[in-house]
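Geometric and topological summary
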Amino acid sequence: MLERFESSGDAPENVWAFVEMVLTHLDTIMVRNGELQVMPERTPRILFDKLIAHYVAHGYAVPMNSQDFQHGLHERFIERDGMYFTPDQALEYEEQKKQTPVQSQYSLYVANEREGIEWIRRTLIKPQTYAELAPQWMAMLQKPKKGDQIPELMDILKENFIKEEDGRWVIPDFENQAHLTIMRNKRLRKQFDLFVEQAERARRLTDTNLEALRYGFTECYKEKNFATIVKVAEKLPEALLMEDEVLLQFYDIAVSHV
């Protein structure tokens, strides 16, 4: 794997070799208190983050956007309960699932938008109405890092999930997910562009969104717009920048190019 990257750098076909390597080294099954646990490391967003972090750390061009990544992931690997597996791992997971119930709710607390999306996805294994979700959501919410903001529950639902005629929210199928991802990315880019404008005139960016920053930094990296990454990063609260691996890697690379 490493030899392949050294010889062919950022060739697009390396993406799936990298993903397969990551999946192969992850636990296939995790059982706790008699339930199969959800493994966030196997979800599309976390896998894409790992890909971005690897490519940026090695100075490679990011070969695709998140929706193309999700499409390729869906074509090449096997999805089970919102997680992706190699074929052999999927068989092992299915065998275990016959004997062990899947964790009914995502147990981690919600301190940012991404954690919120993943928590809702796990909770919607059983479709629920907004009224049923809201009290559970409030119980899971934690204070976000300084400078970050978590969207309202209804906004996250509208942007990432599907509402059925009976009022219950459900996990979208792959085609609907692809459309929602495109619309969400447009919102994230619009937010990021606003942060760029604010960075021109403000001493500090106090009300941002971690997902919009990650998306914006990724796009700037692909455009080789390193100056914008540095300009925005240096206006962020220090903890927000230093404690997020994705933002920090983009910033370190960008500083070396301006």
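All figures in this text were calculated on a predicted structure; none of them were measured in a lab.

Using the criterion set out here, one finds nine aromatic pairs in the structure. Members of the aromatic cluster, each reached through a chain of ring pairs, are Phe192, Phe217, Tyr221, Phe226 and Phe250.

Taken as a whole and judged by the stated rule, the model has 22 salt bridges. Here Arg214 makes a salt bridge to Asp49, at a shortest N to O gap of 3.8 Å. Taken together, the positions of Arg214 in helix α10 (residues 210-222) and Asp49 in helix α3 (residues 44-57) put the pair 165 residues apart, joining distant regions of the chain. Each member of the pair, Arg214 as well as Asp49, carries the same accessibility label: buried. A cluster of three or more residues bridged by salt bridges with shared partners is formed by Asp49, Glu113, Arg114, Glu159, Arg184, Arg187, Glu211, Arg214 and Asp244.

The subject of this paragraph is the layout of surface pockets. It is a probe the size of a water molecule, rolled over the atoms, that shows where empty space is left. Each pocket or cavity is described by its volume, and for the largest pocket that value is around 560 Å³. Together, 22 residues line the largest pocket, and Ile46, Asp49, Arg114, Arg214 and Asp244 are the ones closest to its centre. Of all the secondary-structure elements, those providing two or more residues to the lining of the largest pocket are α3, α6 (113-123), α10 and α13 (245-255). If you tally residues by element for the lining of the largest pocket, the top one is α3, at five residues. Residue classes in the lining of the largest pocket are distributed as eight nonpolar, four polar and ten charged. The volume enclosed by the second largest pocket comes to roughly 430 Å³. As for the second largest pocket, its lining consists of 20 residues, of which Glu79, Gly82, Arg121, Ile171 and Pro172 are closest to the centre. When contributions to the lining of the second largest pocket are tallied by element, the ones reaching two or more residues are α3, α4 (66-76), α6 and α9 (174-201). When residues of the lining of the second largest pocket are assigned to their parent elements, the largest contribution, three residues, is made by α6. Looking at the lining of the second largest pocket residue by residue, the class counts come to eight nonpolar, five polar and seven charged.

Quick notes on the rules
Residues numbered from 1 in each chain as written. Predicted model: local features only at pLDDT ≥ 70, side-chain atom pairs only at ≥ 80, totals over all residues. Heavy atoms only, no water. Phe/Tyr/Trp six-rings, centres within 6.5 Å; stacked < 30°, edge-to-face > 60°. Salt bridge = Lys/Arg side-chain N within 4 Å of Asp/Glu carboxyl O. Helix = DSSP H or I, 4+ residues; strand = E, 2+ residues; numbered from the N terminus. Buried < 20%, exposed > 50% of the residue type's maximum accessible area, 1.4 Å probe, protein only. 1 Å grid on protein atoms, 1.4 Å probe; cavity = no way out; pocket = protein on both sides within 12 Å on 5 of 7 lines; lining within 4 Å. Points joined across faces, edges and corners; volume = space filled by probe spheres on them. Nonpolar A, V, L, I, M, F, W, Y, C, P; charged D, E, K, R; others polar.

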